[in-house]
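What follows is each chain in one-letter form.
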Amino acid sequence: MNEVILRTTARLAVPTTVVYALYLLLRGHNEPGGGFIAGLVSAAALTLMRMAGMGLAHPSADRRRKRWDFASLAPLGLLVAALTGIGAMLAGRPFLTSAVVALDLPVLGHVEMASAVLFDVGVFLVVVGTAMTIVERIGTSR
C-alpha cells in the first residue's frame, strides 16, 4: 500500500478512534460498551499507527528511548481490576460490588462516578496489552 495514503489515513482515523474508545470506556457501566470493547478499538488504532510507522506503537519510532512495553499493561490492568474488587471487600461489601460517588465539578457540574469505571479501566488495560503483544509477536515472527 502506498505509504502516503496509509499515513494520511492513520493521521485522520487514529484521533477519532481514540476519542470513540474513550467514549465507549466511560459509558460502559450503564450502557453497552466498557473496557473490553474500548480496549479492542484502542488496539485497532495502535495497530494502524504501527502499520503506518507512527508513534509509540512502531518498533523503530525512536531508537534512543526504550520502546513502549505493551506486555506490561496486561498485568497492570489485572491489578487495577482486582484492587477494585478488593476495595469493595475492605468496605465490608461482596467482591466487585460497585460504589457510586457524586461530585460537583467546576466545568462538568454534578457528576456521578462509579467504581465500575475503575474495573473497566483495568479490563481496558488488559485488552490493549494483550492485543498489542499479540500484534507485536506476529509482526516480528519472521
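Reading the values: the criteria
- Residue positions are counted from 1 within each chain, in the order its sequence is given.
- At least 70 in pLDDT is required for a residue's local features to be given in this predicted model, at least 80 for side-chain atom pairs to be given and counted, and no such filter applies to totals for whole chains, interfaces and linings, which use all residues.
- Hydrogen atoms and water are omitted, and side-chain values are computed over all heavy atoms in the structure.
- UniProt positions are given in the numbering used here, feature names are shortened, and annotations may be inferred rather than shown by experiment.
- A strand pair is defined by DSSP finding two or more bridges across the two strands.
- Secondary structure elements are defined from DSSP: runs of H or I of at least 4 residues count as helices, runs of E of at least 2 residues count as strands, and each element is numbered from the N terminus.
- By definition here, a salt bridge exists when the distance from a side-chain nitrogen of Lys or Arg to a carboxyl oxygen of Asp or Glu is within 4 Å.

The name recorded for the protein chain in an unreviewed UniProt entry is MnhB domain-containing protein, from Geochorda subterranea. Of the comments in the UniProt record for the protein chain, the one headed Sequence similarities (unreviewed entry) reads "Belongs to the CPA3 antiporters (TC 2.A.63) subunit B family."

Colleague: For the pairing of strand 2 (residues 109-114), give the residues involved together with the corresponding values.
Modeller: With six bridges connecting them, strand 1 (residues 100-105) and strand 2 associate as antiparallel partners. Looking across to strand 2, one finds that A102 is bridged to E112. Count of turn residues in the strand 1/strand 2 antiparallel hairpin: three residues.

Colleague: Would you mind going over the pattern of salt bridges in detail, with residue names and values included?
Modeller: The final tally for this structure, using the stated rule, is one salt bridge. Put simply, R7 and E3 hold a salt bridge, and the shortest N to O gap is 3.1 Å. With R7 and E3 both in helix 1 (residues 3-27) and four residues apart, this pair spans about one turn of that helix.

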